[in-house]
Every structure is written in structure tokens, then in C-alpha cells.
Amino acid sequence: MQDNLKFEKTYQDDNLIELKISATSEYASAYQNCYIQNTALKDIAERICNYVNNYEESCYLEFGKKEGNYTPAFSMELLPADSFGHVKIEVDIEIDDNDSRSHRCCFYVNSELGLVEQLGKALKELVAGPIGESVSLQSW
């Protein structure tokens, strides 16, 4: 199975968006739903696009809050790209199966700079897109 990261808009109420985030690698596959303000999603999309211009440094992104009394959260870290433009993305997916928020699934999704840039641009468009629309690193 090919490594991928997919964001699907499943709900929107004014400026609050629910995303179903799915991640797949050679070793693991997991998904979760999380809530994010549309302005925060635009900021994350912009930060992804900026990463492509400065890919020698990592870029940590968090969707929601990982601690406290909040809905499930998702994070990913775009690690520095190698000389061939290959990027490892460390995803941290909260498994929403208990109240203590103690179950998480962390693994790498492999990609490349061009696909990461396309994802950043597509996430900007997803903010205004219809419910049911999705964007991903790779076509599934």
C-alpha cells in the first residue's frame, strides 16, 4: 500500500470544520476525526506551503489540542527533506477510545516536496470547499 495522508471535510458549522484525517504507511493505517477553526486550517495550509520554501528545517503542525479536556487532536511534523526532495512526515493520531486520551498511533508517512506543496495548496481550498470534499498527498 502506498503512503498517504488524506483530509476529508465531514462537517462545517460557520467557522468550525470537522475533518476526518486518514494516514497510511507500509506499517500502519489509522484515522481520526478532529475539529478545527477555518482560520487555523488556513494557517496550517500556509505553514505547509512555507515549509516547501525552507525544507531544511522541520515544521510541526497541530490540529486541536493534545492535552486537556478537548476533542481528539492530530499532529504532524514535516521533517527536513533529503537532497532528493524526499520528506518524512511523522503523524500522531489520537485514538478516541477512552476518556483519558492516552491512546495514540505515531508513524511516518513518506512523501516528496512537490506532493507536500500540492497538499498545502489544496488544504487552503478545502476551507471553502463543500462537505464531503477531500484532499490527499496521493490519489487513492
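Computed from a predicted structure; not experimentally measured.

1. Some details on the pattern of salt bridges
Next up, step 1: On inspection of all chains with the given rule, the structure shows four salt bridges.
Next up, step 2: We note a salt bridge from Arg 104 to Asp 92, for which the minimum N-O separation is 2.6 Å. A residue pair is termed long-range when its members are at least 10 positions apart, and Arg 104 in strand β7 (residues 104-112) and Asp 92 in strand β6 (residues 86-94) qualify at 12 residues.
Next up, step 3: The class of Arg 104 is partly exposed, set by a relative accessible area of 28%.
Next up, step 4: A relative accessible area of 11% means that Asp 92 is categorised as buried.
Next up, step 5: Residue Glu 94 is joined to Arg 104 by a salt bridge in which the shortest nitrogen-to-oxygen separation is 3.4 Å. One end of the pair, Glu 94, is in strand β6; the other, Arg 104, is in strand β7, and 10 residues separate them in sequence.
Next up, step 6: The buried category is assigned to Glu 94, whose relative accessible area is 2%.
Next up, step 7: One salt-bridge network, held together by shared partners, links Asp 92, Glu 94 and Arg 104.

2. Observations regarding helix α1 (residues 38-53)
Residues that lie three or four places apart on an α-helix share one face, since the helix turns once every 3.6 residues.
Next up, step 1: With 16 residues, α1 should cover 22 Å at 1.5 Å per step; its first-to-last C-alpha distance of 23 Å lies within 8% of that length.
Next up, step 2: Along α1, the residues classified as buried are Asn 38, Leu 41, Ile 44, Ala 45, Ile 48, Cys 49, Tyr 51 and Val 52. Taken end-on, α1 shows its buried residues confined to a sector of 150 degrees, consistent with a single buried face. Those residues of α1 that are exposed and angled more than 90 degrees off the buried face are Thr 39 and Asn 53.

3. Thoughts on the nonpolar core
Next up, step 1: By size, the foremost hydrophobic cluster in this structure holds 38 residues, and its most contacted members are Leu 5, Phe 7, Leu 19, Phe 63, Phe 74, Ile 89 and Val 91.
Next up, step 2: Looking at which element gives the most residues to this core, the answer is helix α2 (residues 113-128), with seven residues.

4. Concerning α2
Next up, step 1: For α2, the full list of buried residues reads Leu 113, Leu 115, Val 116, Leu 119, Gly 120, Leu 123, Leu 126 and Val 127. Each buried residue of α2 sits inside an arc of 155 degrees when the element is viewed along its axis, so together they form one side. Exposed side of α2, more than 90 degrees from the buried face: Gln 118, Glu 125 and Ala 128 are the residues found there.

5. Thoughts on the packing of α1 against α2
Next up, step 1: The contact between α1 and α2 brings their axes to 8 Å, and the two run at 160 degrees. Classified by the interaxial angle, the pair formed by α1 and α2 is roughly antiparallel. Relative to α2, the crossing made by α1 is left-handed. Side by side, α1 and α2 meet where Asn 38, Leu 41, Lys 42, Ala 45, Glu 46, Ile 48, Cys 49, Tyr 51 and Val 52 of the first sit next to Leu 113, Val 116, Glu 117, Gly 120, Lys 121, Leu 123, Lys 124 and Val 127 of the second.
Next up, step 2: Among the residues forming the contact of α1 with α2, the class breakdown is 10 nonpolar, two polar and five charged.

Conventions we followed
- Residues numbered from 1 in each chain as written.
- Predicted model: local features only at pLDDT ≥ 70, side-chain atom pairs only at ≥ 80, totals over all residues.
- Heavy atoms only, no water.
- Salt bridge = Lys/Arg side-chain N within 4 Å of Asp/Glu carboxyl O.
- Helix = DSSP H or I, 4+ residues; strand = E, 2+ residues; numbered from the N terminus.
- Buried < 20%, exposed > 50% of the residue type's maximum accessible area, 1.4 Å probe, protein only.
- Expected span 1.5 Å × (residues − 1).
- Arc of directions from axis to C-beta.
- Core = buried A, V, L, I, M, F, W, Y, C linked by side-chain atoms within 4.5 Å.
- Axes fitted to C-alpha atoms, helices over the stretch in contact; angles between N-to-C directions.
- Parallel < 35°, antiparallel > 145°, perpendicular 65-115°, else oblique.
- Left-handed = near helix turned anticlockwise from the far one by under 90°.
- Contact = heavy atoms within 4.5 Å.
- Nonpolar A, V, L, I, M, F, W, Y, C, P; charged D, E, K, R; others polar.

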